[in-house]
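Per-entry structural report
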Amino acid sequence: MTSHLKIEVTDHIQTVTISRPSALNALNFEILDGLREMIMEVYKNSGIHGLIITGEGEKSFVAGADIKEIASVESGMGKSFSEKGQEIFQLIERCPKPVIAAVNGFALGGGCELAMACHLRLATQNAKFGLPEVTLGIIPGYGGTQRLPQLVGRGKALELMMTADIISAEEARSIGLVNRVVLTREELMSVCLTIMKKITANGRLAVSRVIDSVCGAYSGEDDGYAVETANFALCVSSEDFKEGTEAFIAKRKPSFKGI
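Now for a quick tour of the structure. Please read these numbers as outputs of a predicted model, since none were measured by experiment.

Packing of helix 1 (residues 29-44) against helix 3 (residues 78-93) leaves a shortest axis separation of 9 Å and a crossing angle of 30°. The orientation of helix 1 with respect to helix 3, classified from their angle, is roughly parallel. The crossing of helix 1 and helix 3 is left-handed. In this structure, helix 1 uses F29, L32, D33, L35, R36, I39, M40 and Y43 to contact helix 3, whose residues at the interface are F81, K84, E87, I88, F89, L91 and I92. The residue inventory of the contact of helix 1 with helix 3, partitioned by class, reads 11 nonpolar, no polar and four charged.

Moving on to the layout of surface pockets. Taken as a whole, the largest pocket encloses approximately 830 Å³ of empty space. The wall of the largest pocket is formed by 30 residues, among which E93, R147, Q150, V214 and C215 lie closest to the centre. Residue assignment for the lining of the largest pocket shows that the elements contributing at least two residues are helix 3, strand 5 (99-103), helix 4 (110-117), strand 7 (120-124), helix 5 (144-152) and helix 9 (204-218). Per element, the largest residue contribution to the lining of the largest pocket is six residues, and it comes from helix 9. Residues of the lining of the largest pocket, tallied by class, amount to 16 nonpolar, eight polar and six charged. Looking at the second largest pocket, it is lined by 25 residues, and the ones nearest its centre are A65, I70, E133, I138 and I139. Taken together, the elements giving at least two residues each to the lining of the second largest pocket come down to helix 2 (67-72), helix 3 and helix 4.

Here we come to helix 1. With 16 residues, helix 1 should reach 22 Å at 1.5 Å per residue; the first-to-last C-alpha distance of 23 Å fits that figure. Those residues of helix 1 that are buried are in contact with strand 1 (5-10), strand 2 (13-18), strand 3 (50-55) and helix 3.

What follows deals with the state of the cysteines. As enumerated under the stated definition, the model contains zero disulfides in all. Free of any disulfide, C215 has its nearest neighbouring cysteine sulfur in C95, separated by 10.0 Å. With no disulfide of its own, C235 has C215 as its nearest cysteine by sulfur position, at a separation of 15 Å.

Strands belonging to one sheet form pairs held by backbone hydrogen bonds; the direction of such a pair is parallel or antiparallel. If you trace the six strands from one edge of the open sheet to the other, you get 1-2-3-5-7-10, paired in mixed fashion. Whereas interior strands pair on both sides, the edge strands pair on one side only; in this sheet they are strand 1 and strand 10 (180-182). Taken over all neighbouring pairs, the strand axes of this sheet differ in orientation by 20° on average, direction set aside. Pairing between strand 3 and strand 5: four bridges, direction parallel. Counted as the bridge partner of T54 is A102 from strand 5. On the sheet, helix 8 (residues 185-200) packs against strand 2, strand 3, strand 5, strand 7 and strand 10 and is oriented at approximately 165° with respect to strand 3.

Turning next to the sheet that holds strand 4 (residues 60-62). Read from one edge of the open sheet, four strands run 4-6-8-9, paired in mixed fashion. If you trace the sheet from one side to the other, it starts and ends with strand 4 and strand 9 (167-168), each paired once. With three bridges joining them, strand 6 (residues 106-108) and strand 8 (residues 128-130) adopt parallel strand pairing. The residue bridging F106 from the neighbouring strand is K128, located in strand 8.

The next subject is helix 11 (residues 239-250). Look at helix 11: 16 Å from first C-alpha to last across 12 residues, which is about the 16 Å you get at 1.5 Å a residue. Every buried residue belonging to helix 11 is among D240, E243 and A247, and all of these are buried. Along the axis of helix 11, the buried positions cluster into a sector of 65°, meaning they face one direction only. Facing away from the buried side of helix 11 by more than 90 degrees, the exposed set consists of F248 and I249. K251 occupies a position one or two residues after helix 11 and carries a positive phi of about 55°.

The next point concerns the pattern of salt bridges. Scanning the entire structure with this criterion turns up 14 salt bridges. Here E56 makes a salt bridge to K6, at a shortest N to O gap of 3.4 Å. With E56 in the loop between strand 3 and strand 4 and K6 in strand 1, this residue pair connects regions lying 50 residues apart in the sequence. For E56, a relative accessible area of 25% translates into the label partly exposed. Between E93 and R147 there is a salt bridge; the shortest N-O distance is 2.9 Å. Remark: R147 occurs in helix 5 and E93 occurs in helix 3; sequence separation between them is 54 residues. This pair shows no difference in class: E93 is buried, exactly as R147 is.

So, how was this worked out
- Numbering of residues starts from 1 in every chain and runs along the sequence as written.
- Note on the predicted model: pLDDT of at least 70 is required for a residue's local features to be given, and 80 or more for side-chain atom pairs to be given and counted; whole-chain, interface and lining totals, by contrast, use all residues.
- Each side-chain value is derived from all of the structure's non-hydrogen atoms; neither hydrogens nor water enter the calculation.
- Note on method: axes are straight lines fitted to C-alpha atoms, helices fitted across the in-contact stretch only, with angles between N-to-C directions ranging 0 to 180 degrees.
- For helices the rule is a DSSP run of H or I covering at least 4 residues; for strands it is a run of E covering at least 2, with both sets numbered from the N terminus onward.
- Angle categories: roughly parallel below 35 degrees, roughly antiparallel above 145, roughly perpendicular from 65 to 115, and oblique for all the rest.
- By convention, the crossing between two helices is left-handed when the near helix turns anticlockwise from the far helix through less than a right angle, and right-handed when the turn is clockwise.
- Note on contacts: a residue pair is in contact if any heavy atoms of the two residues lie within 4.5 Å.
- Classification convention: Asp, Glu, Lys, Arg as charged; Ala, Val, Leu, Ile, Met, Phe, Trp, Tyr, Cys, Pro as nonpolar; all other residues, Gly among them, as polar.
- As defined here, a cavity is a set of points on a 1 Å grid over the protein atoms alone where a 1.4 Å probe fits but cannot get out. A pocket is an open set with protein on both sides within 12 Å along at least five of seven lines, and residues line them when an atom is within 4 Å of a point.
- Grid points are joined across faces, edges and corners, and a volume is the space filled by probe spheres set on the points.
- What a helix should span is 1.5 Å times the count of its residues minus one.
- Criterion for a disulfide: a pair of cysteine sulfur atoms at a distance within 2.5 Å.
- Pairing between strands requires that DSSP locate at least two bridges from one strand to the other.
- Relative accessibility under 20% of the residue-type maximum defines a buried residue, over 50% an exposed one, and the middle range a partly exposed one, all with a 1.4 Å probe and only protein chains included.
- Directions are taken from the helix axis to each C-beta atom, and the arc is the one they span.
- By definition here, a salt bridge exists when the distance from a side-chain nitrogen of Lys or Arg to a carboxyl oxygen of Asp or Glu is within 4 Å.

Next comes the structure, spelled out in structure tokens:
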């Protein structure tokens, strides 16, 4: 695991801090490989119930991909460069455990794409969002052209990507890119933990099937309604469903086994 990722686990919730402050936490190949290793461990580790991803310091979540590395990509390597990031971000998006992006400061380019791959996005007031790749003569390559329209609508997404505009946290919230905006980094992490604990107190199997069903609707390969039906049937046959209904009838707190 790269030294640029700091990992802490508290009450079954893992917090990963991208730590490359000298470059405003820009993504390089080492960090991307570390993110892949980290998310695969989250999939496998039953002791981790949720994941929060944030950036080191007050200035930046992730200011983008490392421009020097992008500039070094040979003309014939563009496809594999994009596929690498897409694969890792899709692992985050399809993680069966809830993933929250705690956005402190800049979330530009690859940083915005990383935040969009997470299931929820919370931000401090000083956060900035944008996909300004066209100013470099390229386009978003880590799934940004697909996820931004899903979150904010086609017209607004095209405007943001073609103009390269960078928007405030409040505007991001107003268009549906961000779930909540808070004042400080301390408050940001506190609210993220509160929301995560609220999510993981529910049936974790059911939460994972919500994630899978929503992803199915946007995959382009699956019938979202069919995915929902299959996941609903799976939940109905689970011990968690039996426990949840019995607890409701008995007016007690359920004790879910989870996944």
